[in-house]
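Each chain is listed here by its residues.
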Amino acid sequence: MDIDEKLIEQIVRNVIEKVVSPGSAGPGFQTSAANIKKGPLFDNIETAIAAAKEAQKRFVDMGRDARYGIVEAIKKVSLANAEKWAKIAVEETGMGRVEDKIVKNIVAAERTLGPEDLEIKSYSRCCMDNGALTVDMAPYGVIAAITPMTNPAPMIINNTIIMISAGNSVVFLPHPSAKKVTLDALLIVHKAIVDAGGPENLITSTQEPNIKNASICMAHKDIDLICATGGPAIVEIAMKSGKKVLGAGPGNPPVLVDDTADIARAAREIVAGASFDNNILCNEEKVLICMRPVADKLLNEFGKNNCQVLNAEEAQRVTNLVVKNGEIDKKLMGKNCAVILKQAGINAKDDLRLAVFVTNDEMHLLVQHEQLMPILPMLIVNSFEEGVRIACRVEHNFKHTAIIHSTNIERITYYAQEINTTTVQVNGSSQRSGGDLHNGGSSWTIAGATGEGCTTPRSFTRQRRLSIYGSMNFVK
Ligand code: NAD
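Predicted model, so just to flag it, every value in this text is computed and none were measured.

About the thresholds
Residues numbered from 1 in each chain as written. Predicted model: local features only at pLDDT ≥ 70, side-chain atom pairs only at ≥ 80, totals over all residues. Heavy atoms only, no water. Pairing = 2+ DSSP bridges. Helix = DSSP H or I, 4+ residues; strand = E, 2+ residues; numbered from the N terminus. Axes fitted to C-alpha atoms, helices over the stretch in contact; angles between N-to-C directions. Buried < 20%, exposed > 50% of the residue type's maximum accessible area, 1.4 Å probe, protein only. Right-handed = clockwise from strand over helix to strand, strands pointing away. Near = heavy atom within 4 Å. Polar contact = N/O pair within 3.5 Å; in protein donor to acceptor, adjacent residues only side chain to side chain. Areas by Shrake-Rupley, 256 points an atom, 1.4 Å probe, with all protein chains shown as cover. 1 Å grid on protein atoms, 1.4 Å probe; cavity = no way out; pocket = protein on both sides within 12 Å on 5 of 7 lines; lining within 4 Å. Sits in = over half its atoms within 2 Å of the grid points. Nonpolar A, V, L, I, M, F, W, Y, C, P; charged D, E, K, R; others polar. Domains from an automatic or database assignment. Points joined across faces, edges and corners; volume = space filled by probe spheres on them. Contact = heavy atoms within 4.5 Å. Buried area = accessible area lost by both parts, 1.4 Å probe. Salt bridge = Lys/Arg side-chain N within 4 Å of Asp/Glu carboxyl O. Phe/Tyr/Trp six-rings, centres within 6.5 Å; stacked < 30°, edge-to-face > 60°. Core = buried A, V, L, I, M, F, W, Y, C linked by side-chain atoms within 4.5 Å. Expected span 1.5 Å × (residues − 1). Arc of directions from axis to C-beta. Parallel < 35°, antiparallel > 145°, perpendicular 65-115°, else oblique. Left-handed = near helix turned anticlockwise from the far one by under 90°.

Another aspect to go through is the sheet that holds strand β3 (residues 131-139). Here we have three strands laid out as an open sheet, ordered β2-β3-β20, and antiparallel in their pairing. For this open sheet the edge positions go to β2 (121-124) and β20 (461-469), each flanked by a neighbour on one side alone. For this sheet, the mean inter-axis angle between neighbouring strands, taken without regard to orientation, is 15 degrees. In the sheet, β2 pairs with β3 via four bridges, with the strands oriented antiparallel. Across the sheet, Lys121 pairs through a bridge with Val135, a residue of β3.

Pasting the structure below:
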């Protein structure tokens, strides 16, 4: 059969499918999976997996070029729904700020890399000058993507784009407390995929998110990869599953300010980073470490940037409020700064972005654990080396994110080498560390635990080689 005949057959098949079963995945799909009900939200996880498996096969048969149009369609609907999803997310989860969540949704839509991230490499004259080698990036198949409640809509936008750009289908396992917004985003993105010519059920989930689904996926023969984005518990469980896992766990990013830094800029950038969406992103400034000679100046600059510096007594009141039974109170995570301060009996203006308090206790719970709220502890150190040592300790080797404000390149280099995180941000807020479409792309699944780092489509591919001996070295 030559190429024209193949094309004609494909067109006829498409037309028949539309006529026979408008809006369905087509007769081939129905024959091989007759008992799969219409998705993408299924009664149980097994059916969601079966449907995604079938869809993945159909998707790769469409060829890589088809992915570009589908990704563009996802980006378009995501931008159109950015504000709506921001509002529902705040309403449902009680976390974060609508204006910041709109930015998150837009960034996820505009800056996530698509199929252009995949790369085929070809080498001629290998095999002792007598052959050729092609290295390509193949999909895994069906991915189970566990998503956090802190970024529900951006995760659907970003994870869908990066995973399907690599040719996979995705079974999403949303956080039950972010069900409404996550499933709304999933349905709208799914419709965009289908409207752009993609197969139904390329992304699926269950009507009722349930954490038990994660263990079913981890043991299921048709799940080829687990992508776990969330706190330490779920990443640990996933890594014990025996399957290929991308583990994107917690961060506790330290920000170190030395005595050579531009202090006014450092204060501005730290407030912007640590207050964004009320500090619920994993990569935000969670612990501030400052060298003694510039500490007062930094505290003074905070006051000019809509940030309240708490005195020792106020800091104790906030600590008593947010620490419950040795843990950070989940009910206060993601709340506005003014809400937390007022509950602690401290006056605060309603639009306050951040509160900072000084502590000399390295073991303070808000120093050791990600607080996920706009309250930033600050440790003062006597030397740069002491600051680096503490930064490494509080980062807990999560290999996530670290920030430094300094103009001394030797110190910046030393910090980056010692802390060994996926991302080191220099002289800017943590939120400046994301790439754009020309520089690495925006990543919402930072896999520090398993080493893939800031994930893009290529992170969800298997490398495959085709090697030919004795021919195809066509240039003499
Ligand atoms: P979480 O750990 O409570 O939940 C994350 C996901 O795991 C949810 O879908 C939840 O339902 C599931 N889950 C949790 N415990 C489970 C269990 N025992 N069995 C099965 N499923 C389980 O986290 P969260 O509050 O939704 O999100 C915040 C956390 O995620 C923070 O720790 C943050 O740092 C981290 N995070 C990391 C990244 C990254 O890229 N590394 C990105 C976003 C969030």
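As a further point, take the pairing of strand β5 (residues 169-173). For a regular strand, side-chain orientation follows a simple rule: the groups alternate between the two sheet faces. Most of β5 is tucked away, with five of its five residues classed as buried. Taken together, the five bridges between strand β4 (residues 142-146) and β5 define a ladder with parallel strand orientation. Paired with Ala144 across the bridge in β5 is Val171. With helix α8 (residues 152-165) bridging β4 and the parallel β5, this β-α-β connection has right-handed handedness. As judged from the two bridges shared by β5 and strand β6 (residues 203-206), these two strands associate in the parallel manner.

Moving on to the site of the ligand. Neighbouring the ligand are 27 residues, the closest being Thr147, Met149, Gly249, Glu370 and Ile446. In the model, an oxygen atom of the ligand is placed 3.4 Å from a nitrogen or oxygen of the Gly230 main chain. Within the contact set of the ligand, a nitrogen atom lies 3.2 Å away from a side-chain nitrogen or oxygen of His400. Coverage of the ligand by the protein amounts to 86% of the 840 Å² it exposes when considered alone. According to the grid-proximity analysis, the pocket containing the ligand is the largest pocket. Partitioned by chemical class, the residues of the shell around the ligand number 15 nonpolar, 11 polar and one charged. A domain split of the shell around the ligand shows at least three residues from each of domain 1 (5-249) and domain 2 (254-434).

Looking now at the layout of surface pockets. Each pocket or cavity is described by its volume, and for the largest pocket that value is around 1,300 Å³. Along the wall of the largest pocket there are 49 residues; nearest its centre are Gly230, Gly231, Pro232, Ile234 and Lys330. Its residues assigned to classes, the lining of the largest pocket comprises 27 nonpolar, 19 polar and three charged.

Quick look at the side chain of Asn159 now. As for its position among the elements, Asn159 is in helix α8. Discounting chain neighbours no more than four positions away, the residues touching Asn159 are Ala145, Thr147, Pro154, Ile164, Phe172 and Thr445.

This next bit is on the domain arrangement of the chain. For the chain, the assigned domains are domain 1 (5-249) and domain 2 (254-434). Put simply, the middle of domain 1 and the middle of domain 2, counted by C-alpha atoms, are 35 Å apart. Opposite the 12 residues of domain 1 that make contact, domain 2 presents 13 residues. In total, about 1,100 Å² of surface goes out of reach between domain 1 and domain 2, with carbon and sulfur atoms giving 46% of it. Counting the surface domain 1 buries against domain 2, the share from its top three residues, Met95, Arg97 and Asp100, is 46%. Seen at the junction of domain 1 and domain 2, the total is four salt bridges. Lys101 is the salt-bridge partner of Asp277, the closest N and O atoms lying 2.9 Å from each other. Where domain 1 packs against domain 2, one counts nine residue pairs in polar contact (both at pLDDT 80 or more).

Another aspect to go through is the packing of aromatic side chains. Evaluated as defined, the whole model comprises one aromatic pair. Consider the rings of Phe384 and Tyr414, whose centres lie 6.5 Å apart with planes at 50 degrees: the pair is tilted. One end of the pair, Phe384, is in helix α17 (residues 384-395); the other, Tyr414, is in helix α18 (residues 409-419), with 30 residues separating them in the sequence. Here Phe384 falls in the buried class, since its relative accessible area comes to 2%.

It is worth spelling out the nonpolar core at this point. Of all hydrophobic cores here, the largest spans 70 residues; its most connected members are Ile164, Val318, Leu341, Ile375 and Phe460. Looking at which element gives the most residues to this core, the answer is α8, with eight residues. Residue assignment places this core across two domains, with domain 1 (5-249) and domain 2 (254-434) each supplying three or more. If near-sequence neighbours (up to four positions away) are discounted, Val318 is found in contact with Leu310, Ile340, Leu341, Ala344, Ile346 and Ile375. With 22 residues, the next largest nonpolar core counts Ala266, Ile270, Cys307 and Leu376 among its residues.

This next bit is on α8. Compared with an ideal rise of 1.5 Å per residue, which puts 14 residues at 20 Å, α8 spans 20 Å between its outermost C-alpha atoms and is within 8% of the ideal. Taken across its 14 residues, α8 has 14 buried, putting it largely inside the fold. Gly167 sits one or two residues past α8 and shows a positive phi near 95 degrees.

So, about the pattern of salt bridges. Taken as a whole, this structure holds 26 salt bridges when the rule is applied. Residues participating in the shared-partner salt-bridge network are Arg97, Glu99, Asp100 and Arg353.

Those residues of helix α14 (residues 312-322) not exposed but buried are Glu314, Ala315, Val318, Thr319, Leu321 and Val322. Buried residues of α14, viewed axially, fall in a sector of 160 degrees; they line one side. Seen from the buried face of α14, the exposed residues on the opposite side, beyond 90 degrees, are Ala312 and Asn320. A side-chain oxygen of the first residue of α14 lies 3.1 Å from the backbone nitrogen of Glu313; this N-cap is Asn311.

Now for the packing of helix α3 (residues 45-61) against helix α10 (residues 212-219). Contact pair α3 / α10: the axes reach a minimum separation of 10 Å and the direction vectors enclose 45 degrees. Between α3 and α10, the angle falls in the class oblique. Our pair here, α3 against α10, has a crossing hand that is right-handed. Listed contacts from α10 to Ile45, Glu46 and Ile49 of α3 are Asn213, Ile216 and Cys217. Residues that form the contact of α3 with α10 fall into these classes: four nonpolar, one polar and one charged.

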